[in-house]
Amino acid sequence: MENRQDKMDNKVYKLVLTALMAALCYVSFTYLKIPIPTFGGDYTALHIGNAFCVLAALLLGGGYGGLAGSLGMTIADLIDPTYITSAPKTFVLKLCIGLIAGFVAHNIAHITENHDSKYILKWTLIASIAGLGFNVIFDPIVGFFYKNYILGVQSDAAKIMATWAAGVTFINAIAGTIVVCVVYMAVRPVLKKAGLFIKIS
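This report concerns the structure included in the present document. Numbers given for residues are sequential positions, taken from 1 along each chain in its written order. Per-residue local features are limited, in this predicted model, to residues with pLDDT of at least 70; the limit for side-chain atom pairs, both in listing and counting, is 80 or more; totals at the level of whole chains, interfaces and linings are taken over all residues. Hydrogen atoms and water are omitted, and side-chain values are computed over all heavy atoms in the structure.

With that out of the way, let us pick up the pattern of salt bridges. Note on definitions: salt bridges are taken to be side-chain nitrogens of Lys or Arg within 4 Å of carboxyl oxygens of Asp or Glu. Summed over the entire model, instances satisfying the criterion amount to two salt bridges. Residue Lys33 pairs with Asp80 through a salt bridge whose shortest N-O separation is 3.5 Å. Here Lys33, found in the loop between α1 (4-32) and β1 (34-37), pairs with Asp80, found in the loop between α3 (62-79) and α4 (87-108); they are 47 residues apart in sequence, far enough to count as distant. Across the pair, Asp80 and Lys33 agree in class, each one buried. Close ionic contact of Lys89 with Asp139 constitutes a salt bridge, the shortest N to O distance being 3.4 Å. With a gap of 50 residues between them, Lys89 in helix α4 and Asp139 in helix α5 (residues 117-150) connect regions that are remote in the sequence. Across the pair, Asp139 and Lys89 agree in class, each one buried. Helix numbering and strand numbering both begin at the N terminus, where a helix is a DSSP run of H or I of at least 4 residues and a strand a DSSP run of E of at least 2. Accessible area is worked out with a 1.4 Å probe on protein chains only. A residue is then buried under 20% of its type maximum, exposed over 50%, and partly exposed in between.

This brings us to the packing of helix α2 (residues 49-60) against α5. Closest axis-to-axis distance for the α2/α5 pair is 10 Å, and the angle between their directions is 130°. Looking at the two axes, α2 sits oblique to α5. Here α2 and α5 pass one another in a crossing that is right-handed. Where α2 approaches α5, its residues Asn50, Val54 and Leu58 are matched on the opposing element by Thr124, Ala127, Ser128, Leu132 and Asn135. Fitted lines through C-alpha atoms give the axes, limited to the stretch in contact for helices. The angle between two N-to-C directions lies from 0 to 180 degrees. Note that the term roughly parallel is reserved for angles under 35 degrees, roughly antiparallel for angles over 145, roughly perpendicular for angles of 65 to 115, and oblique for everything else. Helix crossings fall into two classes, left-handed where the near helix is turned counterclockwise from the far one by less than a right angle and right-handed where it is turned clockwise. Contact definition: two residues touch when any of their heavy atoms are within 4.5 Å.

Relative to the helices and strands, Thr169 resides in helix α6 (residues 155-194). Owing to a relative accessible area of 7%, Thr169 belongs among the buried residues under this scheme. For this analysis, a polar contact is any N or O atom pair within 3.5 Å, provided that within protein one partner can donate a hydrogen and the other can accept it, and provided that sequence-adjacent residues contribute only side-chain to side-chain pairs. Within polar-contact distance, the side chain of Thr169 engages the backbone oxygen of Ala165 at 2.6 Å. The contact partners of Thr169, leaving out residues within four places of it in the chain, are Asn135, Val136 and Asp139.

Considering the arrangement of structural elements, one finds Cys181 in helix α6. Under the relative-accessibility criterion, Cys181 is labelled buried at 10%. The residues touching Cys181, leaving out its near neighbours within four places in the chain, are Leu121, Thr124 and Leu125.

So, on to the packing of aromatic side chains. In this scheme Phe, Tyr and Trp rings, the latter by its six-membered ring, pair at centre separations within 6.5 Å, and the angle between planes marks the pair as stacked below 30 degrees, edge-to-face above 60, and tilted otherwise. A full pass over the atoms with the stated rule returns six aromatic pairs. Relative to Tyr83, the ring of Phe29 has its centre 5.3 Å away and its plane inclined at 75°; by these criteria the two rings are edge-to-face. A residue pair is termed long-range when its members are at least 10 positions apart, and Phe29 in helix α1 and Tyr83 in the loop between α3 and α4 qualify at 54 residues. The same class applies to Phe29 and to Tyr83, which are both buried. Both rings, one in Phe145 and one in Tyr149, keep their centres 5.7 Å apart while their planes meet at 15°; by these two values the pair is stacked. Separated by four residues within a single helix, Phe145 and Tyr149 lie in helix α5, roughly one turn from each other. On the accessibility criterion, Phe145 (43% relative accessible area) is partly exposed. Tyr149 sits in the exposed class, given a relative accessible area of 60%. Connected via pairs of aromatic rings, a cluster forms that spans Phe144, Phe145 and Tyr149. By the criterion adopted, a ring carries a charge over it if an Arg CZ or a Lys NZ lies within 6 Å of its centre and within 35 degrees of its normal. The positively charged end of Lys33 is found above the aromatic ring belonging to Phe29, 4.9 Å away from the centroid.

Listed below in structure tokens is the structure:
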């Protein structure tokens, strides 16, 4: 059983790792994205920021992972005038990505327990598809209603923006899933060997 100090150290480690993953989400979106102009001066972007949101959920659990993704990506939106109006939507969607990926990985598959690499890869893939698949479906839907009803964008224009966003989000999800699987399978044994692997029950 963990004593009080161990629990405190574990919580601090989780917070530090959450901040690190949030920073990776921020950096990957801010500096590694490819902006794509859409209808009416709006923009979407090719990026792998969502991959780090899922990766954070695999390493830390859905709550911490979702928080890392939502904070990192929301801050990136707030700092960039092009995407600042999308910040509230970003916060909610990225939080959901982490919660869903974390639920599949830890509540269903229990991937931090001892399993062979094939099992871990399979459920890493499934968790990634679940989290990023959610985003593929709901990003354009939420984006349409957000732009139409909150930002006051005309309905037809909002539909065009949502259609563009759907295609780009799908590409991002494919790239993100590959990144998550490759990085998690590489990082997991390193963290275990270093004694830094977090077991999530």
